[in-house]
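For reference, the chains in residue letters:
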Amino acid sequence: MLSERRLQVLRAIVQDYVGTEEPVGSKALTERHNLGVSPATVRNDMAALEEEGFIAQPHTSAGRIPTDKGYRLFVDKLAGVKPMSPPERRAIQNFLEGAVDLDDVVARTVRLLAQLTRQVAVVQYPSLTRSTVRHVELLALAPARLMLVLITDTGRVEQRMVDCPAPFGEASLADLRARLNSRVAGRRFTDVPGLVEDLPEAFEADDRGTVSTVLSTLLETLVEENEERLMIGGTANLTRFGHDFPLTIRPVLEALEEQVVLLKLLGEAQDPGVTVRIGHENAHEGLNSTSVVSVGYGSGGEAVAKLGVVGPTRMDYPGTMGAVRAVARYVGQILAES
């Protein structure tokens, strides 16, 4: 275990390096921070931190910079989450409240996160499998053609055309709509198949084929495999950090183009807290020089998707964690009210 003083020295090194982009020397540390000890003592502490792998010396410099291990200790032990100021919170709320639909909420969230953190923002659309049904609408387009509209608790709307095996009357359609909603409204998607399996038996023999067709279309919509959609923004922010990436930002940009990589990065939506992955903790090689800060968002206290930011490991962790958490909270409120 590191002594309290060495932890303070590490915190000072991280803060100075993030703030100045310059490797940090013992003289500068004692001048900038009230560590209460001599430069010689700080030098000894820095030597011990280096030996344990928390800081390293870049080839060209007399100063030291934090390693992934050093940043990890800083995030876990030394950094609080920096709260947003009341004006910042009001600005977030006002910007997000102008959204007209789910696509607009996601687009605004991406823009906002990228602006607040000056990093790359990634927002996952609410997952269908973790959603509940708000309403199922059935509309007659022709005697044997219907439109099925599925509306989720997160405001997501899915539309499907249904070609019926026989004409389906208005009275039968109203009956099916009412019976369907009485069974599935407010229920989780995963529960729906069991709730509707015997529904065709409630109808006349002539209508059962159409009811079964509508139900199979509904169930197909619930289990769509390509449901995990993402929106990404602020990629140009990476160009401001060119010197933070060892060779080139190309591997980072290539990794950000792969949706599967991004979904893995954001992690499982069920984990509601702020997650920070630093440098080599990211499995994808192209992202070994980046950190990812992510958090779940959703309505009613349950996470239905993730949002987060990707940036260099030399990141303002307390500020980034605070911004990501605040934005997620407001997005959750808007989804709950929508």
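If you check an unreviewed UniProt entry, the protein appears there as Heat-inducible transcription repressor HrcA from Streptomyces griseorubens. The protein has a UniProt comment under Function (unreviewed entry) that states "Negative regulator of class I heat shock genes (grpE-dnaK-dnaJ and groELS operons). Prevents heat-shock induction of these operons."

Before going further, it helps to spend a moment on the overall build of the protein. When you go through the protein residue by residue, the secondary structure sums to twelve helices and ten strands. On C-alpha atoms alone, the protein measures out to a radius of gyration of 26 Å, which is more than a quarter above the 20 Å that the 2.2 N^0.38 rule sets for 338 residues. Seen along its three principal axes, the alpha-carbon backbone of the protein occupies a region of about 90 × 40 × 35 Å. A separation threshold of at least 6 residues defines the contact pool for the protein, and within that pool the share at least 24 residues apart is 60%. Only carbon and sulfur atoms are counted for the fraction: they give 50% of the accessible area of the protein, which is about 16,100 Å².

To continue, consider the sheet that holds strand E9 (residues 290–297). Read across the open sheet, the five strands follow the order E7-E3-E10-E9-E8; overall the sheet is antiparallel. The sheet is open, and its two edges are formed by strand E7 (230–233) and strand E8 (275–278), each paired on a single side. Going from strand to strand, the sheet's axes swing by 15 degrees on average, the running direction of each strand aside. Here strand E3 (residues 120–124) pairs with strand E10 (residues 305–312) via four bridges, running antiparallel. Counted as the bridge partner of Val120 is Val310 from E10.

A few words on the packing of aromatic side chains. On inspection of all chains with the given rule, the structure shows one aromatic pair. Residues Tyr71 and Tyr317 carry aromatic rings whose centres are separated by 5.6 Å and whose planes lie at 50 degrees to one another, so their mutual orientation is tilted. On the criterion of sequence distance, the pair formed by Tyr71 in helix H4 (residues 68–78) and Tyr317 in helix H12 (residues 317–337) is long-range, its members being 246 residues apart. Cation over ring: Lys69 sits above Phe54, and NZ or CZ is 4.6 Å from the ring centre. Directly above the aromatic system of Phe95 lies the positively charged group of Arg108, at a separation of 5.3 Å from the ring centroid.

Another aspect to go through is the side chain of Ser291. Relative to the helices and strands, Ser291 resides in strand E9. With a relative accessible area of 0%, Ser291 lands in the buried category. For Ser291, the side chain forms a polar contact with the side chain of Tyr317, separated by 2.7 Å. Once residues within four sequence positions are removed from consideration, Ser291 is found in contact with Arg277, Ile278, Gly279, Asn282, Val309, Val310, Gly311, Pro312, Thr313, Met315 and Tyr317.

What follows concerns the environment of Leu215. When you line up the elements, Leu215 lands in helix H9 (residues 205–222). Accessibility expressed as a relative area gives 5% for Leu215, which makes it buried. Separated by 72 residues in the primary sequence, Leu215 and Leu287 have C-alpha atoms spaced 43 Å apart. Apart from residues no more than four positions distant in its own chain, Leu215 is found in contact with Leu180, Val196, Leu199 and Pro200.

Cut-offs applied
- Residues numbered from 1 in each chain as written.
- Predicted model: local features only at pLDDT ≥ 70, side-chain atom pairs only at ≥ 80, totals over all residues.
- Heavy atoms only, no water.
- UniProt positions renumbered as here; feature names shortened; annotations may be inferred.
- Helix = DSSP H or I, 4+ residues; strand = E, 2+ residues; numbered from the N terminus.
- Rg over C-alpha atoms; globule rule 2.2 N^0.38 Å.
- Contact = heavy atoms within 4.5 Å.
- Areas by Shrake-Rupley, 256 points an atom, 1.4 Å probe, with all protein chains shown as cover.
- Pairing = 2+ DSSP bridges.
- Axes fitted to C-alpha atoms, helices over the stretch in contact; angles between N-to-C directions.
- Phe/Tyr/Trp six-rings, centres within 6.5 Å; stacked < 30°, edge-to-face > 60°.
- Lys NZ or Arg CZ within 6 Å of the ring centre and 35° of its normal.
- Buried < 20%, exposed > 50% of the residue type's maximum accessible area, 1.4 Å probe, protein only.
- Polar contact = N/O pair within 3.5 Å; in protein donor to acceptor, adjacent residues only side chain to side chain.

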